[in-house]
Amino acid sequence: MIPVIRDEFLRHGLSTEPADFNAAEQAAKDAYAVANLAAPKIFIRLASPHEGAIGAAILKNTRLGENVGAQVGNKVGNKVRDEVWDEVGAKVGDEVGDEVGDEVRAQVGDAYWSQHEAGWLSFYAYFADACGLESAKRLGPLTRLAKSCGWVWFFNGAVIITDRPETLRRDDEHRMHCEDGPALRYRDGFSVYAWRGTRIPAEWIEDRSSLTPQAALTWENVDQRAAACEILGWHNIINGLNPRVIDEDDDPQIGRLIEVDLPDHGRQKFIHAHCGTGREIAVMADREAKTIIEAQAASYGLTASDFHIPEVRT
C-alpha cells in the first residue's frame, strides 16, 4: 500500500486541477465537527494563497476574526499523531524516524496548506487506510481538503478556501523551474518564478535585460546569485572578469581552461569552449585540473588518460 498511497498523495500535492469547492466546504464542516466546533456558516472562495492571506488578514479584524486553525488543524493533527505513535511508534519508530504587509505575511503561517500538506498526511493515511487505525481516520476531513483545494484559513464561523494553481513546472529533478515564465501560477495571476528550485525575481525571466553580470555576481543571496549566473550564462559573465588562460587546445570544441576571481568565492576554473551546435559555453571546472584535457575528462568523471576526445559532437 505504501507506493499506492505515495503516488496518490503526490498527485494531489502537485495537482493543477481547479478546486472542487463544494467538496472542500463539506470537508471543512466535517473538520470542525472532529474538533468539536460549531460548523462554519460563511465560506469565502478565493483564487490563490495570495488572495487568501489578504482575505484572512481582513477577516481577522472582524467579529469572525478568531482564528481557530490551531483547533481544527494542529489540535486534531497533534492528537492523532500522539495516538498513532502511542500505538505503533514502538514498532516502527526506529525504522521510520521523525518524518509543511506583516499581517498578510503572518497569515501564511496560520493557513492550513491543504494540498501542500500532502507529505505528512500521506504518512498518516497509511495507518488509516492500510492499517485501519481508528485514531488516524480522524484526519479524514483534513485529507479530503488536501485532495480538493488549495490553502485554507479556519475562523470562528467562517472559512476561506482557495483554488489550486493552474500551472506547475519542474525540472527533471522535480525542482520548481521554468526558463520562460512562472514556475507556479494561479488563476488570478499570482505567480512564483523559480530556477532549479530557487525562487527568483520575476524580472529575471520576464525582462532578461534587467539582469546584468554585475548584478548577478554581487547579488546578496548566494543561491539566487548562482541562479542568476546560470540564467545569464557563465560565458557571458567570465568575459568581463579578465579571465586568465591556463591551457588552451587548438580545437574550439575542446576549448580552453581559464581562471577568474569571483566575488565572495575566490578563484574558480572554467572550461570555456564551443559546443556541438557552435554556441559558446562555459562550465565550472575541477579546481585541481591543470590542463583543458584534465578539466574535460573530470567533467565526465574520468582521468585524462581515460578520456578520448570525441570525433563528432552532437
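For every chain, the first residue of its written sequence is number 1, and the numbers climb from 1 along that sequence. Per-residue local features of the predicted model are confined to residues with pLDDT of at least 70, and side-chain atom pairs are confined, for both listing and counting, to 80 or more; whole-chain, interface and lining totals are unaffected and use all residues. Side-chain metrics rest on all non-hydrogen atoms present in the structure, leaving aside hydrogens and water.

Whenever I open this one, the overall build of the chain confuses me. Can you help?
Each helix and strand in the chain was counted, giving 13 helices and twelve strands. Type-normalised accessible area, obtained with a 1.4 Å probe on protein chains alone, sets the label of each residue: buried when under 20%, exposed when over 50%, and partly exposed for intermediate values. Evaluated residue by residue, the chain yields a buried proportion of 43% over its 314 residues. Going along the chain from the N terminus, every DSSP run of H or I of four or more residues is numbered as a helix, and every run of E of two or more is numbered as a strand.

Quick question: what am I supposed to make of the nonpolar core here?
Among soluble globular proteins, nonpolar side chains are generally buried collectively. Take the buried residues of types Ala, Val, Leu, Ile, Met, Phe, Trp, Tyr and Cys, join any two whose side-chain atoms come within 4.5 Å, and each joined set is a nonpolar core. Among the nonpolar cores identified, the biggest contains 28 residues, and Y112, L145, V152 and F154 are the most heavily contacted of them. Elements supplying a minimum of two residues to this core: α1 (2–13), α2 (21–34), α6 (118–130), α8 (140–148), β2 (152–155) and β3 (158–162). The element contributing the most residues to this core is α6, with seven residues. The next biggest cluster of nonpolar side chains, apart from the first, holds 22 residues, and it includes Y193, W195, W234 and I237.

For this particular structure, what's the right way to read the sheet that holds strand β1 (residues 42–46)?
Sheet strands pair by backbone hydrogen bonding; their relative direction is either parallel or antiparallel. Two strands are counted as paired when DSSP detects at least two bridges linking them. The strand order across the open sheet formed by three strands is β1-β3-β2, and the pairing between neighbours is mixed. Two strands in the sheet have a free side with no partner beyond their single neighbour: β1 and β2. Taken over all neighbouring pairs, the strand axes of this sheet differ in orientation by 10° on average, direction set aside. Contacting β1, β2 and β3, helix α3 (residues 49–59) crosses the sheet at an angle of about 165° to β3. Only the contacting stretch of a helix is used when fitting its axis, a line to C-alpha atoms as for every element, and angles between N-to-C directions run 0 to 180 degrees. In this analysis, two residues are considered to be in contact whenever any of their non-hydrogen atoms come within 4.5 Å of each other.

Help me understand the packing of α1 against α6 in this model?
Any two packed helices are characterised by how steeply their axes cross, that is the angle between the axes, and by the distance between the axes. Direction vectors running N to C along α1 and α6 enclose 150°, while the axes themselves pass 9 Å from each other. When the axes of α1 and α6 are compared, the pair comes out roughly antiparallel. As for the relative orientation of α1 and α6, their crossing is right-handed in sense. Contact residues: I2, I5, F9 and G13 in α1; A118, L121, S122, A125 and Y126 in α6. Within the contact of α1 with α6, the residues separate by chemical class into seven nonpolar, two polar and no charged. The scheme is simple: roughly parallel for angles under 35 degrees, roughly antiparallel for over 145, roughly perpendicular for 65 to 115, oblique for anything else. Take the far helix as the reference: if the near one is turned anticlockwise from it by less than a right angle, the crossing is left-handed, and if turned clockwise, right-handed. Under the scheme applied here, ten amino acids are nonpolar (Ala, Val, Leu, Ile, Met, Phe, Trp, Tyr, Cys and Pro), four are charged (Asp, Glu, Lys and Arg), and all others, including Gly, are polar.

I keep staring at the pattern of salt bridges and nothing clicks. Help me out?
Opposite charge on two side chains makes pairing possible when the charged atoms of those side chains draw close. We define a salt bridge as a side-chain nitrogen of Lys or Arg found within 4 Å of a carboxyl oxygen belonging to Asp or Glu. Overall, the coordinates contain twelve salt bridges when judged by the stated rule. In this structure, R175 and D171 form a salt bridge, with 2.8 Å as the shortest nitrogen-oxygen distance. Judged by relative accessible area, which is 29%, R175 ranks as partly exposed. Overall, D171 belongs to the buried group, its relative accessible area being 10%. If you follow the salt bridges from partner to partner, you end up with D171, E173 and R175 in one network.

In this structure, what is going on with the packing of α1 against α8? I would like to understand it.
At a minimum axis distance of 8 Å, the contact between α1 and α8 shows a crossing angle of 55°. By the criterion of interaxial angle, the relationship of α1 to α8 is oblique. Taken together, the residues of α8 that come into contact with α1 (itself represented by E8, F9 and H12) are T143, A146 and K147. Class assignment of the residues belonging to the contact of α1 with α8 gives a composition of two nonpolar, two polar and two charged.

Would you explain the environment of L121 in this entry?
With respect to the secondary-structure elements, L121 resides in helix α6. Taking C-alpha positions, L121 is 8.0 Å from L139, a pair spaced 18 residues apart along the chain. Discounting chain neighbours no more than four positions away, the residues touching L121 are F9, Y112, S114, L142, T143 and A146.

Would you take a moment to explain the sheet that holds strand β10 (residues 256–262) for this structure?
The antiparallel open sheet is built from four strands, whose spatial order is β9-β10-β11-β12. Across the chains shown, the open sheet's two edge strands, defined by having one partner strand only, are β9 (244–248) and β12 (280–284). Adjacent strand axes in the sheet meet at a mean angle of 30°, parallel and antiparallel pairs treated alike. As paired elements, β9 and β10 share four bridges and run antiparallel to each other. Looking across to β10, one finds that E248 is bridged to R256. Each of β9, β10 and β11 (266–274) is contacted by helix α13 (residues 292–299), which is oriented at about 90° to β11, the strand it contacts most.

I would appreciate a short explanation of the packing of aromatic side chains in the present structure.
In this description, an aromatic ring pair is defined by two values, namely the gap between the centres and the angle between the planes. Working definition: a ring pair exists when centres of Phe, Tyr or Trp rings (six-membered ring for Trp) sit within 6.5 Å. Plane angles under 30 degrees give stacked, over 60 give edge-to-face, the rest tilted. Enumeration over the complete set of coordinates arrives at eleven aromatic pairs. Arranged with centres 4.9 Å apart and planes meeting at 85°, the rings of F123 and Y124 form a pair that is edge-to-face. By relative accessible area, which is 17% here, F123 ends up buried. A relative accessible area of 8% means that Y124 is categorised as buried. Seen in terms of ring centroids, Y126 and F127 are 5.3 Å apart; in terms of plane orientation they differ by 80°. Their pairing is edge-to-face. By relative accessible area, Y126 is classed as partly exposed at 29%. Here the aromatic cluster, defined as three or more aromatic residues joined through ring pairs, consists of W120, F123, Y124, Y126 and F127.

Looking at this structure, I do not really get unusual backbone geometry. What am I missing?
Residues other than glycine seldom take positive phi values, yet S114 does so here, at roughly 55°. The residue S114 is located in the loop between α5 (102–110) and α6 in this model. Its relative accessible area of 0% is what places S114 among the buried residues. You will see that H174, though not glycine, has its phi angle at about 70°, which is positive. Mapped onto the secondary structure, H174 falls in the loop between β4 (167–168) and β5 (184–185). On the accessibility criterion, H174 (56% relative accessible area) is exposed.

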